[in-house]
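Here is how the chains run, residue by residue.
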Amino acid sequence: MPIRTASARWQGNLTEGSGTVRTGKGGLEGNYSFKSRFEEGEGTNPEELIGAAHAGCFSMALSKQLADAGATGTSVDTTAKVHFDKTDAGMSVTRIDLETVGQVPGMDEAQFTKLAEAAKENCPISRLLSPGAQITLSARLTS
């Protein structure tokens with residue numbers, strides 16, 4: 001498997017400086033700053049990027065679970081809400097709430113929820129993050 005890369009450049013001090021993050025192949029690039037990370041300023045931040053990675057990984061893992069169960073999903077839409085909180089150890093990602101909606105013809109809600117839970121447990125990004133952050137899941141089907 002290839003080794004994936006990303007990079008970041010920061011200029012200036014913590015509160016007034018700014019930076020740019022970029023994925024290795026150039027698929028994503030964004031500006032970030034103290035305000036975009038700790039307030040509501042424009043730009044992205046590491047926690048949003050973690051959320052995007054987790055939502056993407058989970059959606060692919062759920063698609064695999066569906067295929068393994070003999071189902072084909074029309075779509076899987078996932079949002080990851082990353083909680084970035086002050087703890088005794090300092091600022092930490094404490095919880096990620098995954099919210100997924102699937103369109104899977106012929107599947108019932110109970111089976112979809114079971115497969116979504118398996119995807120949450122087995123997606124590589126969940127496995128990476130779960131020792132340090134709680135991961136919750138809300139899964140539902142749509143027509």
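Residues numbered from 1 in each chain as written. Predicted model: local features only at pLDDT ≥ 70, side-chain atom pairs only at ≥ 80, totals over all residues. Heavy atoms only, no water.

Turning to the pattern of salt bridges, a few remarks are in order. Tallying each qualifying case throughout the model produces 7 salt bridges. Among the salt bridges present, the one from Lys64 reaches Asp68, with a minimum N-O distance of 2.6 Å. Pair noted here: Lys64 and Asp68 are both in helix H2 (residues 46–68), with a separation of 4 residues, about one helical turn. Close ionic contact of Asp97 with Arg95 constitutes a salt bridge, the shortest N to O distance being 2.8 Å. We classify Arg95 as partly exposed; its relative accessible area is 29%. Through salt bridges with shared partners, a single ionic network connects Glu117, Lys120 and Glu121. (Salt bridge = Lys/Arg side-chain N within 4 Å of Asp/Glu carboxyl O. Helix = DSSP H or I, 4+ residues; strand = E, 2+ residues; numbered from the N terminus. Buried < 20%, exposed > 50% of the residue type's maximum accessible area, 1.4 Å probe, protein only.)

This brings us to the sheet that holds strand S6 (residues 134–141). In spatial order, the strands read S4-S5-S6; together these 3 strands make up an open sheet with mixed pairing. Unpaired on one side and paired on the other, strand S4 (75–87) and S6 mark the two borders of the sheet. The average angle at which neighbouring strand axes cross in this sheet is 15°, direction not considered. Relative to strand S5 (residues 90–103), S4 runs antiparallel, the two sharing 13 bridges. Paired with Lys86 across the bridge in S5 is Met91. Strand contacts of H2: S4, S5 and S6, with the helix running at about 140° to S4, the strand carrying the most contacts. Running at roughly 150° to S6, helix H3 (residues 109–122) makes contact with S5 and S6 of the sheet. (Pairing = 2+ DSSP bridges. Axes fitted to C-alpha atoms, helices over the stretch in contact; angles between N-to-C directions. Contact = heavy atoms within 4.5 Å.)

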